[in-house]
4 protein chains.
Amino acid sequence: MSGSWGKKVHYSIFGESHGKGIGITIDGLPPGLEIDLAEVTRELERRAPGKSPLSTARNEKDAFTIWSGFLNGKTTGSPLCAIIENSNQRSADYESLAWKFRPGHADYTGSIKYKNHNDLRGGGHFSGRLTAPLVFAGAIAKQLLKRQDILIGSHIQRIASIAEPQFDAVRIDKNILQQLELQSFPVLDPLLGEKMQESILVAKSAGDSVGGIIEAAVIHLPAGLGDPFFDSLESTLAHLLFSIPAVKGVEFGSGFALAQMQGSDANDAMYNQNNSIITSTNHNGGILGGISNGMPLIFRVAIKPTPSIALEQHTVNAKGENVSLQVGGRHDPCIVPRAIPVVEAIAAMAIWDVL
Amino acid sequence: MSGSWGKKVHYSIFGESHGKGIGITIDGLPPGLEIDLAEVTRELERRAPGKSPLSTARNEKDAFTIWSGFLNGKTTGSPLCAIIENSNQRSADYESLAWKFRPGHADYTGSIKYKNHNDLRGGGHFSGRLTAPLVFAGAIAKQLLKRQDILIGSHIQRIASIAEPQFDAVRIDKNILQQLELQSFPVLDPLLGEKMQESILVAKSAGDSVGGIIEAAVIHLPAGLGDPFFDSLESTLAHLLFSIPAVKGVEFGSGFALAQMQGSDANDAMYNQNNSIITSTNHNGGILGGISNGMPLIFRVAIKPTPSIALEQHTVNAKGENVSLQVGGRHDPCIVPRAIPVVEAIAAMAIWDVL
Amino acid sequence: MSGSWGKKVHYSIFGESHGKGIGITIDGLPPGLEIDLAEVTRELERRAPGKSPLSTARNEKDAFTIWSGFLNGKTTGSPLCAIIENSNQRSADYESLAWKFRPGHADYTGSIKYKNHNDLRGGGHFSGRLTAPLVFAGAIAKQLLKRQDILIGSHIQRIASIAEPQFDAVRIDKNILQQLELQSFPVLDPLLGEKMQESILVAKSAGDSVGGIIEAAVIHLPAGLGDPFFDSLESTLAHLLFSIPAVKGVEFGSGFALAQMQGSDANDAMYNQNNSIITSTNHNGGILGGISNGMPLIFRVAIKPTPSIALEQHTVNAKGENVSLQVGGRHDPCIVPRAIPVVEAIAAMAIWDVL
Amino acid sequence: MSGSWGKKVHYSIFGESHGKGIGITIDGLPPGLEIDLAEVTRELERRAPGKSPLSTARNEKDAFTIWSGFLNGKTTGSPLCAIIENSNQRSADYESLAWKFRPGHADYTGSIKYKNHNDLRGGGHFSGRLTAPLVFAGAIAKQLLKRQDILIGSHIQRIASIAEPQFDAVRIDKNILQQLELQSFPVLDPLLGEKMQESILVAKSAGDSVGGIIEAAVIHLPAGLGDPFFDSLESTLAHLLFSIPAVKGVEFGSGFALAQMQGSDANDAMYNQNNSIITSTNHNGGILGGISNGMPLIFRVAIKPTPSIALEQHTVNAKGENVSLQVGGRHDPCIVPRAIPVVEAIAAMAIWDVL
């Protein structure tokens with residue numbers, strides 16, 4: 001069972017990049033929920049390509065149609081199915097790739113798993129395009145969380161060698177998250193943000209690509225969420241985050257930096273401040289023992305460089321012959337900016353499921 | 001559902017640190033499997049405390065009894081339940097803690113989630129002791145994998161500021177893994193290993209604790225394992241790894257370092273070498289598109305410093321008063337060495353489940 | 001999670017009777033399976049209304065479109081989504097019903113569960129129309145089973161007071177099942193079949209409806225299928241069968257008649273006949289201890305009379321007022337004949353899942 | 001995954017009849033619930049054998065020990081594990097059976113499924129003894145339901161050819177259920193009850209066994225429970241009921257008798273009576289469209305005659321030879337009376353899960 005996830009709400013995705021369409025069925029939404037579809041569209045537009053020189057020139061219109069579970073602006077309580085039809089199918093760009101496994105992609109592993117029956121056009125079911133239905137679903141979860149004042153936001157903390165400061169894990173607030181949401185390339189430090197964008201364009205002009213780190217925060221989360229032993233809050237979030245094909249690392253709070261700390265620093269001393277239990281630092285990222293503690297939830301994901309690059313690469317074709325490959329077509333030199341709404345969507349889905 | 005995990009095999013744990021016992025039910029093992037119980041005991045001994053000045057002086061005998069599902073040295077096909085009775089219960093050490101939330105622990109979050117009804121003695125269900133049943137289960141999975149020549153091993157790649165080199169992700173082999181298994185403090189470089197141990201003892205004598213990084217490798221894994229979209233191999237492994245209370249970061253292959261690389265480096269060029277499809281580098285850690293590619297599977301987990309320290313800390317008691325706390329009792333100044341068999345057990349459980 | 005089912009294969013349905021469409025996502029089909037779509041269409045036609053005076057005059061074209069997971073006549077290994085668009089929407093017939101709860105229907109219980117937000121038009125998600133996607137999915141399962149020579153068939157064993165003999169549970173064979181499949185009103189005894197049809201027409205002309213019993217058989221099933229304790233073969237089949245809204249009883253083998261038997265009769269004596277282990281009788285319907293024993297699997301389902309009748313009934317409207325109701329529109333005087341392919345589809349799905 | 005069940009609460013059973021013990025882990029109970037253990041013991045005693053000439057002379061003490069999840073009379077919120085040690089193990093009685101498949105039992109099907117590795121002593125995991133942990137779990141669920149005034153009760157509606165009237169499905173009330181609970185052989189009509197007991201003793205003296213029907217009622221159930229499409233209330237109950245090895249039929253409301261009714265009778269006319277929505281009849285057994293409607297939930301289960309009989313039977317041994325068999329040991333001539341608390345336990349578990 002690969003295409004479904006969730007306990008409280010059950011998500012089931014389907015679709016291939018160059019098939020008839022891609023979609024998601026969301027089962028378990030309470031009846032009578034109003035959904036702001038314009039807001040959902042805005043989230044999808046944040047993910048859509050073709051908006052700047054930083055992303056692929058492909059112009060995909062991610063217009064969705066709701067097929068069920070939604071009537072007169074409200075959920076009906078039965079499964080809500082939304083579909084995005086595939087309109088812009090330039091299969092030709094990929095035709096030759098069908099037989100040369102693109103390094104860094106799922107071409108080879110997919111051909112093994114699906115015994116060469118998988119749809120190779122445009123990456124098929126492995127296409128980043130499959131994250132669009134997730135953004136649809138996450139946009140709904142995000143709205144529902146916002147009504148409880150639980151807010152999710154994120155910034156690009158690193159592109160290649162350019163890094164900006166991490167969130168202040170204690171003082172991160174609504175204003176900062178709202179400001180980030182307005183930016184097409186969300187950063188805390190605009191100057192460093194410009195340098196990051198330059199490094200993307202440099203890689204692009206070299207026919208290469210770069211990766212980066214997205215840091216996300218969830219604020220106003222109540223204490224007590226998460227289901228240890230096996231379904232710790234970290235487990236639930238990491239499970240979903242690692243389903244994004246480009247994610248290769250996930251850390252909470254100070255994450256890997258905790259490995260270099262002393263317990264006396266890492267422990268986050270607790271205080272009662274005006275009848276709120278808070279911690280003076282937040283190295284644990286708002287999660288202790290797999291359960292939220294009421295402090296901001298902080299996590300970072302490592303995004304690898306886009307595997308589709310123009311530079312010549314060595315690889316193997318479907319016949320097993322050693323060959324060289326130049327990936328044609330139009331690709332993102334860096335997927336990080338477009339991954340922002342996906343990461344936020346997934347965080348919203350995960351949190352809605354344990355709330 | 002917090003205490004159960006798994007699809008092919010279904011694991012269900014129970015127990016509290018100072019209750020009658022802790023255990024695990026393993027449902028779905030094929031009938032007729034021989035299990036080497038002496039080997040299982042060896043794995044549990046790797047996790048057991050009291051073996052060196054590096055770990056707590058508590059002497060827990062993790063002797064297990066199999067209650068069902070096992071007859072004449074073989075699985076019967078019905079659920080296998082194993083229980084470790086709790087013999088060494090020094091509740092007094094923790095009695096006072098019941099009312100002072102230990103920073104960095106689940107004391108506060110557990111009291112919120114379980115409305116103050118959870119068993120606080122020794123950490124209750126949150127105790128690291130609950131990892132013993134996982135080691136039991138993982139030891140079985142490890143044996144079954146070994147019969148297919150799939151081997152799992154790991155080393156302590158970092159303690160506090162002392163780091164040793166990572167695995168050679170392409171050339172890591174059986175000899176290296178077997179050599180690591182023989183070491184009580186498994187490292188690739190003995191000199192750096194001694195420095196790591198020194199840094200643990202320094203922290204101990206200061207009444208403090210340190211964290212570290214465990215790097216693990218799984219070799220001879222066939223290509224084609226993992227179930228994207230939602231159950232990528234990374235998702236499955238990370239889900240389980242993040243259920244270990246001390247784990248705050250998980251990365252695959254080059255992980256967070258990929259964020260600083262170019263696509264042309266990160267992509268792992270593919271070759272046909274003597275009719276095997278291999279990659280010349282292994283920055284993706286043996287996983288592409290969420291599916292194994294036949295190269296060594298490499299991952300690292302960040303372990304935070306043990307939260308139980310002798311140094312005085314500021315915290316809040318159950319009445320909500322600001323208080324200072326000195327954690328008594330005997331604690332591990334660093335949990336990393338004892339976490340090694342747990343990480344390996346969990347990797348074995350995850351891989352056995354998707355095989 | 002109401003809309004999804006299955007372990008090996010995961011089914012997720014969506015849609016409402018008068019919404020944009022109804023569909024099903026089938027996740028977990030092995031890659032490379034050829035599917036005979038003409039055969040799938042034939043199964044859907046067996047369920048479709050409008051074919052005879054015995055069923056509703058509504059003319060629904062259950063033409064499906066496959067949106068994903070299927071390429072060049074074969075499964076790709078990614079989720080297969082099929083959708084039937086709703087073309088014939090005569091909402092007006094039901095408009096007034098929205099406010100008068102139809103006795104015997106889910107109108108009242110649905111309004112309680114979904115807090116009056118469910119789509120009432122045509123029964124919404126509760127419509128019998130939702131069984132069409134199940135027939136689609138079951139038709140695929142049926143094909144896959146047939147390739148292993150596992151055959152499913154059924155007959156109408158009772159309509160109202162007219163009953164025909166049950167299957168010979170030991171000697172039921174391929175010829176009988178194939179003959180039944182050719183009949184639009186499948187019975188073992190044509191004369192009794194005619195009487196059954198007459199009793200349907202009598203009820204129809206009286207503005208009333210009748211129920212009946214469907215008896216199904218699955219032959220050539222290998223011994224050893226089913227997963228006790230909780231997922232006995234009976235549990236799996238009954239779970240799915242009771243999701244059909246009209247089913248109110250399920251029995252296996254001699255079923256309720258076993259309550260009147262002696263153990264010496266009920267036990268089905270075992271014999272080795274030409275190296276096959278068989279039983280001389282089959283009162284247990286091919287299942288012992290929740291596991292198939294290699295004998296024909298026999299079960300019966302009780303189908304209640306169609307609740308939509310023209311006769312005046314007493315009921316309550318949405319305001320809670322006592323009112324009288326005459327259900328207009330065109331309805332089946334008996335749903336049993338159209339339920340035949342649904343019961344067979346569900347049996348195929350259940351058996352494919354445990355095979 | 002055979003040994004686990006449940007969504008809200010997750011149950012996981014283990015154990016074999018003649019192994020070290022049998023048990024159940026209950027995960028998901030809210031923290032802080034008081035449990036009346038004396039009441040749990042009373043339920044287990046209802047199931048225990050050796051109390052009357054109607055049941056086996058085996059004297060099993062089903063004394064349970066709680067290993068986790070329960071402290072100071074209340075649940076802790078972590079998994080509650082209860083174990084019943086096996087004390088009375090007369091393996092010798094069964095020794096020879098190991099090689100002769102008992103007709104009507106799971107001996108043959110179990111040997112196929114578990115490849116002859118299953119524990120054959122006393123039926124192993126297939127033993128009716130495994131229902132004791134279910135009664136333990138159900139006794140807890142029953143208590144929790146009772147606190148919400150939801151009551152479960154049942155009577156023996158038939159033994160062999162002796163049947164008593166069914167419940168009045170509209171007027172069944174607390175008094176009737178409480179009276180039934182006090183009876184060791186619960187019936188509505190004492191005279192018919194005596195005849196039923198006589199028929200059991202007649203079968204016993206003939207070395208034979210008889211079956212019967214248990215009818216159960218759940219009253220004060222709120223409307224709106226059940227999760228169609230796939231998890232209708234009927235599906236959830238039937239799934240669990242059919243995991244009891246002796247159950248071969250399940251029907252709701254008028255069940256199979258509905259097949260003989262007209263829609264105008266079967267539809268249960270609705271009325272508003274003092275601001276309650278009720279039905280004048282209850283042929284649908286309190287469930288419409290898979291969801292409870294607030295009327296009494298009524299169901300019946302068919303229990304087959306105990307397969308272990310003293311009379312000589314024809315069967316096959318493990319070598320595949322045709323042999324005759326006389327089952328020794330002490331067996332229940334009729335399992336129906338002891339199945340009563342199991343059926344009630346399972347109903348309680350199912351209802352607690354969907355509440």
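Since we're looking at a predicted model, the values are computed, not measured.

What counts and what doesn't
- Residues numbered from 1 in each chain as written.
- Chains lettered and ligands numbered in written order.
- Predicted model: local features only at pLDDT ≥ 70, side-chain atom pairs only at ≥ 80, totals over all residues.
- Helix = DSSP H or I, 4+ residues; strand = E, 2+ residues; numbered from the N terminus.
- Rg over C-alpha atoms; globule rule 2.2 N^0.38 Å.
- Buried ≥ 20, exposed ≤ 12 C-beta atoms within 10 Å, placed from the backbone.
- Contact = placed C-beta atoms within 7 Å.
- Least-squares fit on C-alpha atoms with pLDDT ≥ 70 in both.
- Axes fitted to C-alpha atoms, helices over the stretch in contact; angles between N-to-C directions.
- Parallel < 35°, antiparallel > 145°, perpendicular 65-115°, else oblique.
- Left-handed = near helix turned anticlockwise from the far one by under 90°.
- Nonpolar A, V, L, I, M, F, W, Y, C, P; charged D, E, K, R; others polar.
- Pairing = 2+ DSSP bridges.
- Expected span 1.5 Å × (residues − 1).
- Arc of directions from axis to C-beta.

1. What about the overall build of chain A?
(1) Moving on: The number of helices and strands found in chain A is nine helices and 18 strands.
(2) Moving on: Against the 2.2 N^0.38 benchmark of 20 Å for 355 residues, chain A shows a C-alpha radius of gyration of 21 Å, consistent with a compact globule.
(3) Moving on: Summarising its shape, the C-alpha atoms of chain A cover approximately 65 × 50 × 35 Å along the three principal directions.
(4) Moving on: Here chain A holds 355 residues, and the buried ones make up 65% of them.
(5) Moving on: Across chain A, every contact between residues at least 6 apart in sequence was considered, and the portion connecting residues at least 24 apart equals 73%.

2. Some words on the relation of the copies chain D and chain B
(1) Moving on: Mapping chain D onto chain B leaves a residual RMSD of 0.0 Å; the transformation is a rotation of 180 degrees accompanied by 0.0 Å of translation along its axis. Such a combination of turn and shift is consistent with a two-fold rotation axis. Minimal C-alpha distance to the rotation axis in chain D is attained by D:S12, lying at 3.6 Å.
(2) Moving on: In this assembly, 100% of the residues forming the interface of chain D have copies in chain B that are likewise at the interface, indicating an isologous arrangement.

3. Here's the deal with the packing of helix α4 (residues 131-146) of chain D against helix α9 (residues 336-354) of chain D
All names here are of chain D.
(1) Moving on: With their axes 7 Å apart at the nearest point, α4 and α9 run at an angle of 55 degrees to one another. If you check the angle between α4 and α9, you find them oblique. Between α4 and α9 lies a crossing whose hand is left-handed. Mapping the contact onto sequence places T131, L134, V135, A137, G138, A139, A141, K142, L144 and L145 in α4 and P341, V342, E344, A345, I346, A348, M349, I351 and W352 in α9.
(2) Moving on: Grouping the constituent residues of the contact of α4 with α9 by class yields 15 nonpolar, two polar and two charged.

4. Examining the interface of chain D and chain B
(1) Moving on: Taken together, the contact pairs 37 residues of chain D with 38 residues of chain B.
(2) Moving on: Taken together, the elements giving at least two residues each to the side of chain D that touches chain B come down to β2 (10-15), β3 (21-27), β4 (64-68) and β6 (74-75) of chain D.
(3) Moving on: In terms of residues, the side of chain D that touches chain B owes the most to one element, β2(D), which gives five residues.
(4) Moving on: Class assignment for the residues of the side of chain D that touches chain B results in nine nonpolar, 22 polar and six charged.

5. A word on the interface of chain A and chain B
(1) Moving on: Listed per partner, the contact involves 88 residues of chain A and 88 residues of chain B.
(2) Moving on: Considering only residue class, the side of chain A that touches chain B consists of 41 nonpolar, 36 polar and 11 charged.
(3) Moving on: Note: strand β11 (residues 247-252) of chain A against strand β11 (residues 247-252) of chain B, three bridges, orientation antiparallel. What sits directly across from A:G249, in β11(B), is B:E251.

6. Digging into the sheet that holds β2(D)
Residue and element names in this part refer to chain D.
(1) Moving on: Pairing is antiparallel in the open sheet, where five strands are placed in the order β1-β2-β3-β7-β4. Looking at strand neighbours, the two that pair on one side only are β1 (4-5) and β4, the edges of this open sheet.
(2) Moving on: For β2 and β3, the ladder comprises six bridges, and the chain directions are antiparallel. If you follow Y11 over to β3, its bridge partner there is I26.

7. Quick notes on the environment of D:R158
(1) Moving on: Along the chain, D:R158 falls in strand β8 (residues 151-159).
(2) Moving on: For the pair formed by D:R158 and D:E215, sequence separation is 57 residues and the distance between their alpha carbons is 8.9 Å.

8. Examining unusual backbone geometry
(1) Moving on: Geometrically, the link from C:P228 to C:F229 is a cis peptide bond, its omega value of 10 degrees lying close to zero.
(2) Moving on: Of note, C:F229 is situated in the loop between β10 (212-219) and α7 (233-241).
(3) Moving on: Phi angles above zero are rare outside glycine, and A:N72 is one such case at about 55 degrees.
(4) Moving on: Examined against the element boundaries, A:N72 turns out to sit in the loop between β5 (70-71) and β6 (74-75).
(5) Moving on: By the C-beta count within 10 Å, which is 8 here, A:N72 ends up exposed.

9. What about the arrangement of the chains?
(1) Moving on: Looking at chain B next to chain C, you find no contact at all, with the nearest C-alpha pair sitting 9 Å apart.
(2) Moving on: In this view chain A stays clear of chain D, with the nearest C-alpha atoms of the two still 9 Å from each other.

10. A look at helix α6 (residues 190-205) of chain C
Residues and elements named next belong to chain C.
(1) Moving on: Taking 1.5 Å of rise per residue, the 16 residues of α6 would be expected to cover 22 Å, and the 23 Å separating its terminal C-alpha atoms lies within 8% of that figure.
(2) Moving on: For α6, the complete set of buried residues consists of M196, Q197, I200, A203 and K204. Taken around the axis of α6, the buried residues stretch over an arc of 120 degrees, which confines them to a single face. Facing away from the buried side of α6 by more than 90 degrees, the exposed set consists of L191, E198 and S205.
(3) Moving on: Buried residues along α6 sit in contact with β8 (151-159) and β9 (162-163).
(4) Moving on: Note on α6: the residue one or two positions beyond its end, G207, has a positive phi of about 70 degrees.

11. Description of the pairing of strand β13 (residues 276-279) of chain B
Residue and element names in this part refer to chain B.
(1) Moving on: By the bridge criterion, four bridges tie strand β12 (residues 270-273) to β13 in an arrangement that is antiparallel. Its bridge partner lying in β13, Q273 is registered against S276.
(2) Moving on: Between the end of β12 and the start of β13, which pair antiparallel, lie two residues, with N274 showing a positive phi angle near 50 degrees.

12. Quick notes on the sheet that holds strand β10 (residues 212-219) of chain A
(1) Moving on: With antiparallel pairing, 10 strands are arranged side by side in an open sheet as β9(A)-β8(A)-β10(A)-β16(A)-β11(A)-β11(B)-β16(B)-β10(B)-β8(B)-β9(B). Only two strands of the sheet have a single neighbouring strand rather than two, namely β9 (162-163) of chain A together with β9 (162-163) of chain B.
(2) Moving on: Relative to strand β16 (residues 297-303) of chain B, strand β10 (residues 212-219) of chain B runs antiparallel, the two being bridged by seven bridges. Note that in β16(B) the partner of B:I213 across the bridge is B:A302.
(3) Moving on: On top of the sheet, helix α5 (residues 174-182) of chain A reaches β8 (151-159) and β10 of chain A; it is set at about 65 degrees to β8(A), its chief contact.

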